[in-house]
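# Structural overview
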Amino acid sequence: MKTLNSEWLAQLPINNIQTVTPVSGGDINEAYEIVTKKDQRYFLKVQPGRGQAFFAHEIEGLNLIGDVARVPQVITSGTIGTDGFLLLNWLDIGTGDQLALGKMVAKVHQQHEERFGLEHDFQLGRFPKNNQWQTSWTTFFANQRLQPLADLAQQKGRWNSKRAAALALIIKQMQQYEAEHEITPSLLHGDLWSGNALFNAAHQPVLIDPDVYYGDREFDLGVTTVFGGFTDAFYQGYQQVYPFRPGIEARLIWYRFYYVLMHVVLFGESYGPFLDQICASVLQ
């Protein structure tokens, strides 16, 4: 954890800082609660040595999603020395109605584009994300998400013939489905596990830490099924606003495969049995 000394803190656009407390902020950034003498509270993310550019993608995502959903307010971002920082308003976490959360996510997915991708790549994360625009969802997802991740898994010795066979079959199934069905490019959160879907003290849903691009909305829905935390009410609320396409259950496994493979690449073979269980389901 980086020590934020008084000289570093003095360069933040905040006056009268009283306390700076490290808090949980995920596995990528360092995170702090800042309280001023006027009892104003802020959430500070710091990315040591990476500069302001690291947070440009997150800010873009918060702005895009924030047009139709509740997200943290971006106060400012910048660089201090070589460290990038992002300053957000503080959220007191509470409980809330998953039905309302589902409706809010559906409204995000109703923001459409003509193609799949995003105006900008994101090259500064744990692995580069190529967001080049594509007219085919399968082309985008296979070439710019699945295959690069599989290549990284192979480089790290976390790949085998069954995982390769499952990947090949998933791509084939995607191609067959897209040949017969139109897939609309929707604004995606991109990392919609339960830790990124919160409720504030007023019991209102809030989405945090987006990794946005335009893709098949079923990607986000697939991610919600990996680690749990979303109740039946979430999916009911979603359906009330933006009904699922028929046969969705058979397709969510494509996105579970991707999300768990990402965890194998980033965190190791402790997630391997989970991935192999998904592969067995794909190949049965």
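Structure report, in brief. The shown structure was predicted, so the numbers you read here are calculated from the model rather than taken from an experiment.

## A short note on the nonpolar core
The biggest cluster of nonpolar side chains holds 70 residues, and the ones touching the most others in it are Leu-101, Trp-137, Phe-141, Leu-146, Leu-207 and Phe-257. If you tally residues by element for this core, the top one is helix H8 (residues 248-267), at 13 residues. With near-sequence residues (within four places) excluded, Phe-257 lies in contact with Leu-146, Trp-159, Arg-163, Ala-166, Leu-167, Ile-170, Leu-275, Ile-278 and Cys-279. One finds Leu-4, Ile-34, Val-46 and Ile-80 within the second-largest nonpolar core, a separate group that totals 13 residues.

## Side note on the environment of Ala-168
Locating Ala-168 in the fold gives a position in helix H5 (residues 161-180). With 21 residues separating them in the primary sequence, Ala-168 and Gln-147 have C-alpha atoms 9.8 Å apart.

## Points about the sheet that holds strand S2 (residues 30-36)
The sheet built from 5 strands is open, its strands ordered S1-S2-S3-S5-S4 with antiparallel pairing. Strand pairing shows two members of the sheet lacking a second neighbour, strand S1 (17-23) and strand S4 (74-80), which therefore form its edges. Between one strand and the next, the sheet's axes are offset by a mean angle of 25°, whatever the strand orientation. Bridge count between S1 and S2: 6 bridges; the pairing is antiparallel. Across the sheet, the residue bridging to Val-23 is Ala-31, located in S2.

## Here we look at the pairing of S2
Looking down a regular strand, the side chains alternate between one sheet face and the other. Within S2, 7 of the 7 residues are buried, which leaves it mostly tucked inside the rest of the structure. Residue alternation in S2 divides its side chains into two sets, Glu-30, Tyr-32, Ile-34 and Thr-36 and Ala-31, Glu-33 and Val-35, and both sets are buried. Here S2 runs beside strand S3 (residues 41-47); their pairing, made up of 6 bridges, is antiparallel. Looking across to S3, one finds that Val-35 is bridged to Arg-41. Between the antiparallel neighbours S2 and S3 lie 4 residues, among them Asp-39 with a positive phi of about 65°.

## Structural notes on the environment of Lys-162
When you line up the elements, Lys-162 lands in helix H5. Given a relative accessible area of 59%, Lys-162 falls into the exposed group. Sequence-wise, Lys-162 and Gln-111 are 51 residues apart; in three dimensions their C-alpha atoms are separated by 37 Å. Setting aside residues up to four positions removed in sequence, Lys-162 forms contacts with Cys-279 and Leu-283.

## Thoughts on the packing of H8 against helix H9 (residues 272-283)
Close contact between H8 and H9 brings their axes to 9 Å; oriented N to C, the two are set at 155°. It follows that H8 is roughly antiparallel to H9 by the angle criterion. Relative to H9, the crossing made by H8 is left-handed. On H9, the residues that touch Ile-253, Arg-256, Phe-257, Val-260, Leu-261 and Val-264 of H8 are Gly-272, Phe-274, Leu-275, Ile-278, Cys-279, Ser-281 and Val-282. For the contact of H8 with H9, the class distribution of residues is 10 nonpolar, 2 polar and 1 charged.

## Some points on the packing of helix H4 (residues 137-155) against H5
Describing two packed helices takes the angle between their axes plus the distance from one axis to the other. The N-to-C vectors of H4 and H5 enclose an angle of 170°; their axes lie 10 Å apart at closest approach. Classified by the interaxial angle, the pair formed by H4 and H5 is roughly antiparallel. Every residue of H5 that contacts H4 at Trp-137, Thr-138, Phe-141, Ala-142, Leu-146, Gln-147 and Ala-150 is listed here: Leu-167, Ile-170, Ile-171, Met-174, Gln-175 and Glu-178. Of the residues contributing to the contact of H4 with H5, the split by class is 9 nonpolar, 3 polar and 1 charged.

What counts and how
- Residues numbered from 1 in each chain as written.
- Predicted model: local features only at pLDDT ≥ 70, side-chain atom pairs only at ≥ 80, totals over all residues.
- Heavy atoms only, no water.
- Core = buried A, V, L, I, M, F, W, Y, C linked by side-chain atoms within 4.5 Å.
- Buried < 20%, exposed > 50% of the residue type's maximum accessible area, 1.4 Å probe, protein only.
- Helix = DSSP H or I, 4+ residues; strand = E, 2+ residues; numbered from the N terminus.
- Contact = heavy atoms within 4.5 Å.
- Pairing = 2+ DSSP bridges.
- Axes fitted to C-alpha atoms, helices over the stretch in contact; angles between N-to-C directions.
- Parallel < 35°, antiparallel > 145°, perpendicular 65-115°, else oblique.
- Left-handed = near helix turned anticlockwise from the far one by under 90°.
- Nonpolar A, V, L, I, M, F, W, Y, C, P; charged D, E, K, R; others polar.

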